[in-house]
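Below are the chains, spelled out letter by letter.
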Amino acid sequence: MSEQSPGPVCLYEGGPKAGGTIVIKLGYRGEAFSGFAEQPTQRTVAGELRRALETTLRRPCELTCAGRTDAGVHAIAQYVSVPVSEEELCLPGTRLMRSLVALTPDDLSVSALYRAPESFSARFDARSRSYRYRICAGDARPVLAWDHAWWFKGSLDVDAMNEGAQLLLGEHDFKSFCKATSAVGKPTCRYVGALDVRALEEAGENLVAIDITGNAFLHNMVRTIAGSLVEVGRGHRRPEWMSEVLAACDRRSAGPCAPAKGLTFVRVEYPAGALAPWN
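Below is a short write-up of the structure. (Residues numbered from 1 in each chain as written. Predicted model: local features only at pLDDT ≥ 70, side-chain atom pairs only at ≥ 80, totals over all residues. Heavy atoms only, no water.)

**A closer look at the overall build of the protein**
We apply this condition: Secondary structure is summarised from DSSP: a helix means a run of H or I of at least four residues, a strand means a run of E of at least two, and numbering begins at the N terminus for each. Atoms counted for the radius of gyration: C-alpha only. Globule rule: 2.2 Å times residue count to the power 0.38. Each residue is placed in one exposure class: buried if its accessible area under a 1.4 Å probe, protein chains only, is under 20% of its type's maximum, exposed if it is over 50%, and partly exposed if it falls in between. The contact criterion used is simple: two residues touch if any of their non-hydrogen atoms lie within 4.5 Å. Using the Shrake-Rupley algorithm and a 1.4 Å probe, accessible areas are obtained, with residue cover drawn only from the displayed protein chains. Positive: Lys, Arg. Negative: Asp, Glu. His and the chain ends are not part of the count. We put the charge of a Lys on NZ, of an Arg on CZ, of an Asp on CG and of a Glu on CD.
Scanning the protein from N- to C-terminus turns up six helices and 11 strands. In terms of overall dimensions, the protein is globule-like: its C-alpha atoms have a radius of gyration of 20 Å, near the 19 Å expected for 279 residues. Its C-alpha atoms put the protein at 60 × 40 × 40 Å along the principal axes. Put simply, the protein has 279 residues, and 54% of those count as buried. For the protein, long-range pairs separated by at least 24 residues make up 75% of all intrachain contacts whose partners lie at least 6 apart in sequence. Summed over its atoms, the accessible surface of the protein is roughly 13000 Å², and 50% of this surface lies on carbon and sulfur atoms. Distance between charge centres in the protein, computed from 32 positive and 32 negative side chains, equals 3 Å.

Following this line, the structure appears as structure tokens:
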């Protein structure tokens, strides 16, 4: 889950100057997408959304997202910002919403539209980002959670996992929990403000949920944290091992990267008053 590079702030050569920003809240089921960011010949979230926007606004569009997700990862609250002209600011939000819903596929859901100042960036103005990783632990195959949870065929000590999780709170170098090739020559310090592991029931199925909130995340960071906590939960490692992994600053010290389908991008926090509903 690496961050997306900021997109251009101009609309297009010779076009009207931006008068503000449209911010789109969307969700998606990640199974059939090759991640958020556009890639040649691949089906991506950004590619589908951009095509819908360009059809609606009848011009090229550049997208900036709150946090880029990898192939197979889901979202219920991704935010995307797009510069718009003064004329486009006058368009009815209900009309834009209907158009985007009609032009996007069934595994992508536009859930809300907002207005923001011209300088707003869905990436750089985000104060925090939150993810949930779901695990179905046991011999019974999950039913409704099959597409968005990791089926772990064994038992997990949730209390031990939560004990280990607390050792990652605060600002640290999370290089051990980052995809090694993506960390070369880049800063790997991040701040984790909340990290909890608990058992819960969703739609009649018992799951283990790992909820994490931070200022930003490294590539594969949440999934590697989840995979490492499972090593604790299955009894292969002590909770204190999480501190040892953190101090090592070496990806080889951590546990496996958990499957993508268990991860969901669930929330982004912005400064109060930054977003106004586009009605």
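**Examining helix H1 (residues 45-57)**
Basically, it comes down to this: Helix span, as expected, comes to 1.5 Å for every residue beyond the first. By the criterion applied in these results, polar contacts are pairs of N or O atoms within 3.5 Å in which, for protein atoms, one can donate a hydrogen and the other can accept it, and in which residues neighboring in sequence qualify only through two side-chain atoms.
In a regular helix each residue adds 1.5 Å, so 13 residues correspond to 18 Å; H1 covers 18 Å between its end C-alpha atoms and thus fits that length. Turning to H1, its buried residues number three or more, namely Val45, Ala46, Gly47, Glu48, Leu49, Ala52, Leu53, Thr56 and Leu57. Regarding H1, its N-cap is Thr44, as a side-chain oxygen of that residue lies 3.0 Å from the backbone nitrogen of Gly47 further along. Just downstream of H1, Arg58 is the residue with a positive phi angle, here 60°.

**Details of the layout of surface pockets**
What counts, and what does not: Each cavity reported here is a set of points on a 1 Å grid over the protein atoms alone in which a 1.4 Å probe fits but cannot get out, each pocket an open set with protein on both sides within 12 Å along at least five of seven lines, and each lining residue one with an atom within 4 Å of a point. Grid points are joined across faces, edges and corners, and a volume is the space filled by probe spheres set on the points. Polarity classes work like this: nonpolar for Ala, Val, Leu, Ile, Met, Phe, Trp, Tyr, Cys and Pro, charged for Asp, Glu, Lys and Arg, and polar for all others, with Gly in that last group.
As a volume, the second largest pocket reaches approximately 260 Å³. Taken together, 13 residues make up the lining of the second largest pocket; nearest its centre are Tyr28, Arg29, His74, Asp147 and His148. Breaking the lining of the second largest pocket down by element, the ones donating at least two residues are strand S3 (74-85) and strand S10 (263-269). For the lining of the second largest pocket, the element with the most residues is S3, which contributes three residues. Looking at the lining of the second largest pocket, its residues break down into five nonpolar, three polar and five charged.

**Focus: the environment of Ala66**
Mapped onto the elements of the fold, Ala66 is located in the loop between strand S2 (64-65) and S3. Separated by 142 residues in the primary sequence, Ala66 and Val208 have C-alpha atoms spaced 26 Å apart.

**So, empty space enclosed by the protein**
Overall, the coordinates contain one cavity of 30 Å³ or more when judged by the stated rule. In this model, the largest cavity occupies a volume close to 30 Å³. If you list the elements that add at least two residues to the lining of the largest cavity, you get H1 and helix H3 (93-103). Looking at the lining of the largest cavity element by element, the count peaks at three residues for H1. For the lining of the largest cavity, the per-class residue count stands at five nonpolar, one polar and no charged.

**So, the packing of aromatic side chains**
Applicable threshold: Any two of the Phe, Tyr and Trp rings considered here, Trp counted by its six-membered ring, make a pair once their centres fall within 6.5 Å; the pair's planes then place it as stacked at under 30 degrees, edge-to-face at over 60, or tilted in between. Whether a charge lies above a ring is judged from NZ of Lys or CZ of Arg, which has to be within 6 Å of the ring centre and within 35 degrees of the ring normal.
Inspection of the entire model under this criterion finds 10 aromatic pairs. When the ring of Tyr28 is compared with that of Phe33, the centres are 6.3 Å apart and the planes differ by 75°; the resulting orientation is edge-to-face. We note that Tyr28, like Phe33, is buried. With a centroid separation of 5.4 Å and 75° between ring planes, the pair formed by Tyr79 and Tyr270 is classed as edge-to-face. Here Tyr79, found in strand S3, pairs with Tyr270, found in the loop between S10 and strand S11 (276-277); they are 191 residues apart in sequence, far enough to count as distant. In terms of burial, Tyr79 and Tyr270 fall into one category: buried. Joined through ring pairs, the aromatic side chains of Tyr79, Tyr114, Phe120 and Tyr270 make up one cluster. Sitting over the ring of Trp278, Arg115 keeps its end group 4.3 Å from the ring centre. Sitting above the plane of the Trp151 ring, Lys153 keeps its charged end 4.5 Å from the centroid.

**Quick look at H3**
Under the convention used in this document: Think of it as the arc spanned by the lines of direction from the helix axis to the C-beta atoms.
Taken as a whole, H3 has its buried residues at Gly93, Leu96 and Leu100. Down the axis of H3, the smallest arc covering the buried residues is 60°, so these residues share one side. For H3, the exposed residues lying more than 90 degrees away from the buried face are Arg95, Arg98 and Ala102.

**Observations regarding the nonpolar core**
Selection rule: Only buried residues count toward a nonpolar core, which is a set of Ala, Val, Leu, Ile, Met, Phe, Trp, Tyr and Cys residues joined through side-chain atoms within 4.5 Å.
If you look at the biggest cluster of nonpolar residues, it comprises 80 residues, and the most contacted ones within it are Ile135 and Phe177. Here this core takes seven residues from helix H5 (residues 221-233), the largest share from any one element. Those residues in contact with Phe177 that lie beyond four places of it in its chain are Leu168, His219, Asn220, Met221, Thr224, Ile225, Ser228, Met242, Val245, Leu246 and Ala254. Of all hydrophobic cores here, the second largest spans six residues; its members include Ala145, Ala149, Leu200 and Ala209.

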